[in-house]
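Analysis of the macromolecular model
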Amino acid sequence: MPRATPQGPLHHAALLLLLAACTPQPAARRDAAPTPHEPAAAPQAPQAPTPAAPVDTVEVRGRVRAWDGAAIAGAIVTARDDAALAGAAPGEADPALARTDAAGQFTLRLPPGGLVELHAAAPGHADGLDEGPAPGHAFDLWLAPEATLAGVVTRAGAPVPGARVLGERAGGLIPLTAEAVTDAAGQFRLERLEPGSYSLRALTDDAAGAAASPVILGLAEARAGLTIAVTPALRITGQIVTADATPCAAGGLELTDESRGQRLRFPTGPDGRIQALGLMPGEYQVVATCEGSLPGESARLVMTDTPVLDQLWRVTPGLAIRGRVLAADGGPATRLRVHATAEPDPDHPRPSYAEVAVDAGGRFVLSGLAPGPYRVTLTAHHTEARAVPQEPLR
């Protein structure tokens, strides 16, 4: 049974921890591919769902404007607040969403007490963001005029329809990846881009390629005439499931190629399926992961000249630490993150770590943990964030 022990004094907060009532299960067998003789997982006794506690919400207001100050109507505003989504089931937490009116204004209802980051998107503009505490902050999102990248994907000089093109920006405040699919003539167009340096890649089921050098894109620049040549490549397909054969909707397949110094991660789809495209021949270490489960055992995979298709990876459930963080007055503490780090154990050298933001009630769930002792710590984030009023104070 894991132990959770706070390290050092907790100033102005009390940490209440309840270990999850779950038992580690023996690791399920992980085959390179499913076989017709693989026994089905034993049926699990049905459990009555625990009703979710009602969550209070507050009104969050703001506006979306172009760089010239003009209001942008019809912009889509989304919020994905860690505190709001803490403890949500994988695949069930959708970001809050609103659309701006003719004056560029919007209203959202979000759980109180956390730092919120809002994103805005509108045709003809690069995406924008603003952050601040909720409630009280008047969000102002400014959208720059979009830049675009356009070109063609070819293979042996012929256009490639249906290729997936990725534009990945280096640097910047947040990671940015734009995506497009080539048309029947192999043409692509990446839109709503910010200025910066972009690396371009193209992928198909059996080919991959990249632009010869990064493309430097200016503000509102429309760059055309680019060519991405693809050559034969390999792929891995399959599905990640839990011990009871439930598809993993929030997981991924991690591939490490030590010879090239690469570590790649391919996320699952809603049905737990994996499409790992654009792989070169070589030796990979493969690990399947799933939210709330232990990482699968690392397996060696050598790829030569054929794809590896229809694989099945099973992951086993991990333990969970559940608790609540309280302020000195007994009320819930917010704007905190809880971290659980496994103590060193020679018998289990693989590290186990989890972190999550507390919700509006100070509650948290750290899942996917291996058995053993853990150090549980708290960190505060953006404690100096201030609410900015809609109008200047006089």
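What counts, and where the lines are drawn
Residues numbered from 1 in each chain as written. Predicted model: local features only at pLDDT ≥ 70, side-chain atom pairs only at ≥ 80, totals over all residues. Heavy atoms only, no water. Helix = DSSP H or I, 4+ residues; strand = E, 2+ residues; numbered from the N terminus. Buried < 20%, exposed > 50% of the residue type's maximum accessible area, 1.4 Å probe, protein only. Contact = heavy atoms within 4.5 Å. Areas by Shrake-Rupley, 256 points an atom, 1.4 Å probe, with all protein chains shown as cover. Salt bridge = Lys/Arg side-chain N within 4 Å of Asp/Glu carboxyl O. Pairing = 2+ DSSP bridges. Axes fitted to C-alpha atoms, helices over the stretch in contact; angles between N-to-C directions. Disulfide = S-S within 2.5 Å. pLDDT = per-residue confidence, 0-100. Polar contact = N/O pair within 3.5 Å; in protein donor to acceptor, adjacent residues only side chain to side chain.

1. Focus on the overall build of the protein chain
- Each helix and strand counted, the protein chain has one helix and 31 strands in total.
- Counting every position in the protein chain, which comprises 394 residues, the buried fraction comes to 39%.
- Relative to all contacts within the protein chain whose residues are 6 or more apart in sequence, the contacts with residues 24 or more apart total 64%.
- By element, 55% of the accessible surface of the protein chain is carried by carbon and sulfur atoms, the whole surface being about 21400 Å².

2. Comments concerning the pattern of salt bridges
- Summed over all chains, the structure comprises 18 salt bridges.
- In this structure, glutamate 179 and arginine 164 form a salt bridge, with 2.8 Å as the shortest nitrogen-oxygen distance. With glutamate 179 in strand E13 (residues 176-181) and arginine 164 in strand E12 (residues 164-170), this pair connects stretches of sequence that are 15 residues apart.
- The class of glutamate 179 is partly exposed, set by a relative accessible area of 47%.
- Residue glutamate 283 pairs with arginine 300 through a salt bridge whose shortest N-O separation is 3.2 Å. Highlighted residues: glutamate 283 in strand E24 (residues 282-290) and arginine 300 in strand E25 (residues 299-303), separated in sequence by 17 residues.
- Judged by relative accessible area, arginine 300 falls into the exposed class, the value being 58%.
- Put simply, Arg63, Arg65 and Asp140 are held in one network by salt bridges that share partners.

3. Observations regarding the sheet that holds strand E3 (residues 58-66)
- If you walk across this open sheet you meet the three strands as E6-E3-E9, and the pairing is mixed. Unpaired on one side and paired on the other, strand E6 (105-110) and strand E9 (139-143) mark the two borders of the sheet. Sheet twist, expressed as the mean angle between neighbouring strand axes with direction ignored, is 30°.

4. Details of the sheet that holds strand E5 (residues 96-99)
- Read across the open sheet, the four strands follow the order E5-E4-E7-E8; overall the sheet is antiparallel. Edge positions in the sheet fall to E5 and strand E8 (128-133), since each of these pairs with one other strand and no more. Strand-to-strand twist across the sheet, computed as the mean angle between neighbouring axes with direction ignored, equals 20°.

5. A short note on the state of the cysteines
- Under the definition given, this model contains one disulfide.
- For cysteine 248, the disulfide goes to cysteine 290, at an S-S distance of 2.1 Å. The chirality of the disulfide connecting cysteine 248 with cysteine 290 is right-handed, given an S-S dihedral of about 105°. Separated by 42 residues along the polypeptide, cysteine 248 in the loop between strand E20 (234-242) and strand E21 (251-257) and cysteine 290 in strand E24 bring together distant segments of the chain. By the burial criterion, cysteine 248 is buried, and cysteine 290 matches it.

6. Observations concerning unusual backbone geometry
- Residue alanine 220 is not a glycine yet carries a positive backbone phi of 60°.
- By the element assignment, alanine 220 lies in the loop between strand E17 (215-217) and strand E18 (222-229).
- One non-glycine residue with positive phi stands out, namely alanine 245, at about 70°.
- Considering the arrangement of structural elements, one finds alanine 245 in the loop between E20 and E21.

7. Points about the confidence of the model for the protein chain
- Predicted confidence across the protein chain gives a mean pLDDT of 80, with 76% of residues reaching 70 or more.
- Here strand E1 (residues 3-6) stands out as the element of the protein chain with the lowest mean pLDDT, 41, in contrast to strand E11 (residues 158-159), whose mean of 97 is the highest.
- In this model residues 1-15 is a low-confidence stretch, pLDDT under 50, and it forms 35 contacts with partners more than four residues away in sequence or in other chains.
- Between residues 82-95, whose pLDDT stays under 50, and residues either more than four places distant or in other chains, the model counts 21 contacts.

8. Re the side chain of threonine 182
- Within the secondary structure layout, threonine 182 lies in the loop between E13 and strand E14 (187-193).
- A distance of 2.9 Å separates the side chain of threonine 182 from the backbone nitrogen of glycine 162, its partner in a polar contact.
- Side-chain polar atoms of threonine 182 contact the backbone nitrogen of alanine 163, separated by 2.7 Å.
- Each residue touching threonine 182, except ones within four places of it in the same chain, is listed here: Val153, Val160, Pro161, Gly162, Ala163, Val165, Gln187 and Phe188.

9. As for the pairing of E3
- In this structure, E3 lies alongside E6, joined through six bridges in antiparallel fashion. Along E6, the bridge assignment pairs arginine 63 with glutamine 105.
- Relative to E9, E3 is paired through five bridges, and the arrangement is parallel. Looking at the pairing, arginine 63 lines up with aspartate 140 of E9.

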